Amino acid sequence: AKTIMEDLHAVVEGRSQQRDENLGEFLRFATHFVLQVRRQFSQVFDSSSEVGSRAHECSNDIIAAYIEHLSCRKGCEGMVALYASHIEPTAKRREVYAAFLRKMGRDGPQLECVEKGARHMANDIDAILKLAVEETRLREESRKPGDFEGLSRGDETKISALHLLFFRERNYWDGLR
């Protein structure tokens, strides 16, 4: 199982650079294969061993590649939360879903994605929303102090990201900080 996982991982990495027309079907197959192998052979993914840790990392990368593929397709956004919920450890899952939410932008179906995220990752969604906003604030460039002619694209993106914190009442105070 370890060899299969590493081979799949290598193929996914190579194919994701090529972006051929069959990539989506392949990633879907690879993701479902990974999820089935995790269920059937959970001992292979025991992170206490080096082999298990590597297999776990490879499987997360495969799922994350499929999530990246889905996030670029209209109408597939709702499935991302389901697949993201299978990524472990929690920090990696939060990072992947926060990146997806940042990519959605305010014009995308963010509310639906937040609701689906809450359904599949109830214990993580508040931290995911906060991480998405923090990452946006750190990554986007602002105008220099004293330049008040208008907001920069970076500032607009930061303000828009704050919108994420107002989808759920429990995050209101985070949005005001």
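Residues numbered from 1 in each chain as written. Predicted model: local features only at pLDDT ≥ 70, side-chain atom pairs only at ≥ 80, totals over all residues. Heavy atoms only, no water.

Trainee: How should I be thinking about the environment of Glu135 in this particular structure?
Mentor: Structurally, Glu135 can be placed in helix α7 (residues 125-139). Considered as a pair, Glu135 and Ala98 are 37 residues apart in the sequence and their alpha carbons are 8.4 Å apart. (Helix = DSSP H or I, 4+ residues; strand = E, 2+ residues; numbered from the N terminus.)

Trainee: Mind showing me how you'd approach the nonpolar core here?
Mentor: In a soluble, globular protein the nonpolar side chains are often hidden away together inside. Ranked by size, the top nonpolar core spans 33 residues in total, and within it Ile63, Ile67, Tyr83, Tyr97, Phe100 and Leu101 carry the most contacts. Breaking this core down by element, the ones donating at least two residues are α2 (23-40), α3 (50-71), α4 (77-84), α5 (90-104), α6 (110-120) and α7. With seven residues, the top contributor of residues to this core is α3. Sequence-distant contacts of Tyr83, that is, excluding residues within four places in its chain, are made with Thr31, His32, Leu35, Ile63, Tyr66, Ile67 and Leu70. (Core = buried A, V, L, I, M, F, W, Y, C linked by side-chain atoms within 4.5 Å. Buried < 20%, exposed > 50% of the residue type's maximum accessible area, 1.4 Å probe, protein only. Contact = heavy atoms within 4.5 Å.)

Trainee: I tried to follow the side chain of Ser85 on my own but got confused; where do I start?
Mentor: Positionally, Ser85 belongs in the loop between α4 and α5. At 2.6 Å, the side chain of Ser85 and the backbone oxygen of Leu82 are in polar contact. If near-sequence neighbours (up to four positions away) are discounted, Ser85 is found in contact with Arg93, His120 and Met121. (Polar contact = N/O pair within 3.5 Å; in protein donor to acceptor, adjacent residues only side chain to side chain.)

Trainee: Can you walk me through unusual backbone geometry in this structure?
Mentor: The phi angle of most residues is negative, glycine excepted, and most peptide bonds adopt the trans form. Omega for the bond connecting Glu88 with Pro89 falls within 30 degrees of zero, at 5°, which places this linkage in the cis form. Within the element layout of this structure, Pro89 appears in the loop between α4 and α5.

Trainee: Would you mind going over α2 with me for this structure?
Mentor: Three or four residues apart is the spacing at which side chains of an α-helix point the same way, because the helix has 3.6 residues per turn. For α2, with 18 residues, the first-to-last C-alpha span of 25 Å sits near the 26 Å given by 1.5 Å per residue. All of the buried residues along α2 are Leu23, Gly24, Phe26, Leu27, Ala30, Thr31, Val34, Leu35, Val37 and Arg38. Along the axis of α2, the buried positions cluster into a sector of 165°, meaning they face one direction only. The exposed set on the far side of α2, more than 90 degrees from its buried face, consists of Glu25, Phe29, Arg39 and Gln40. (Expected span 1.5 Å × (residues − 1). Arc of directions from axis to C-beta.)

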